[in-house]
Amino acid sequence: MRKIDPKKLSVQERVEKLNDMILGGHILEAFEKFYADDVVRKENDEAVVGKNACRLQEENLVTGITAFRKANVKNVIIGEKISVVEWEFDFCHEEWGDRKYTHIAVQQWNCDGQIFNELIYNNNKNLEQ
C-alpha cells in the first residue's frame with residue numbers, strides 16, 4: 001500500500017482515503033494512519049479515550065468477523081475540520097452474532113491530519129433477537 005501523509009491532504013481527501021482503506025479491508029491500517037494518539041471516541045453514549053483503547057475495540061471487531069457481507073458509504077459531509085460519514089454494515093461476528101446496521105461517524109480532524117474526536121451513532125442490533 002502506498003505511503004500516505006495525512007497532513008498533506010485536505011479533509012475531503014483524508015475521508016476518501018480512510019473510507020477506501022476500510023472498504024478495501026484495511027481497517028486496522030486505516031485506524032493507525034488516521035487516528036490521533038489522544039483520540040476520544042464516543043459511541044452511543046460510551047466514551048473510549050486514547051488510541052490504544054480504541055485500537056483494542058477495532059481489533060475485537062476485525063478479528064471476530066466470521067462472515068462479511070457488506071460495507072457501503074451512503075453519505076459524506078465535509079466541513080473545514082469536520083466530516084460526517086454514514087455507513088451501512090452487514091456482517092456476522094463470532095461474539096455478537098449477525099449484525100446489520102447504519103453507522104454515522106462525526107469526525108473532528110486535527111492539524112496533523114488525524115481524527116482526535118469521533119462521535120458514533122448507530123442502530124447496531126443483533127438480528128437473532
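Summarised in this report is the structure supplied together with it.

**Comments concerning the packing of helix α2 (residues 27-34) against helix α3 (residues 51-64)**
Angle between the axes and distance between the axes: these two values describe a pair of packed helices.
And then number 1: For the pair α2 and α3, interaxial distance at closest approach is 10 Å and the crossing angle is 165 degrees. With respect to α3, the element α2 is oriented roughly antiparallel. Crossing of α2 over α3 shows right-handed handedness. On α3, the residues that touch Ile27, Leu28, Phe31 and Glu32 of α2 are Lys51, Cys54, Arg55, Glu58, Glu59 and Val62.
And then number 2: For the contact of α2 with α3, the residue count by class is 5 nonpolar, no polar and 5 charged.

**Observations regarding the environment of Thr102**
And then number 1: Here Thr102 lies in strand β5 (residues 97-109).
And then number 2: Owing to a relative accessible area of 24%, Thr102 belongs among the partly exposed residues under this scheme.
And then number 3: The spacing of Thr102 and Asn72 is 30 residues in sequence and 9.5 Å in space, taken between C-alpha atoms.

**Looking at the nonpolar core**
And then number 1: Core analysis: the largest hydrophobic core is formed by 24 residues, its most contacted members being Leu18, Phe34, Tyr35 and Trp109.
And then number 2: Those elements that provide at least two residues to this core are α1 (11-23), α2, β1 (35-43), α3, β4 (82-93) and β5.
And then number 3: Residue contributions to this core peak at 5 residues, all from α1.
And then number 4: Excluding its chain neighbours within four sequence positions, the residues that come into contact with Tyr35 are Leu18, Ala30, Arg41, Lys51, Gln107, Gln114, Ile115 and Glu118.

About the thresholds
- Residues numbered from 1 in each chain as written.
- Predicted model: local features only at pLDDT ≥ 70, side-chain atom pairs only at ≥ 80, totals over all residues.
- Heavy atoms only, no water.
- Axes fitted to C-alpha atoms, helices over the stretch in contact; angles between N-to-C directions.
- Helix = DSSP H or I, 4+ residues; strand = E, 2+ residues; numbered from the N terminus.
- Parallel < 35°, antiparallel > 145°, perpendicular 65-115°, else oblique.
- Left-handed = near helix turned anticlockwise from the far one by under 90°.
- Contact = heavy atoms within 4.5 Å.
- Nonpolar A, V, L, I, M, F, W, Y, C, P; charged D, E, K, R; others polar.
- Buried < 20%, exposed > 50% of the residue type's maximum accessible area, 1.4 Å probe, protein only.
- Core = buried A, V, L, I, M, F, W, Y, C linked by side-chain atoms within 4.5 Å.

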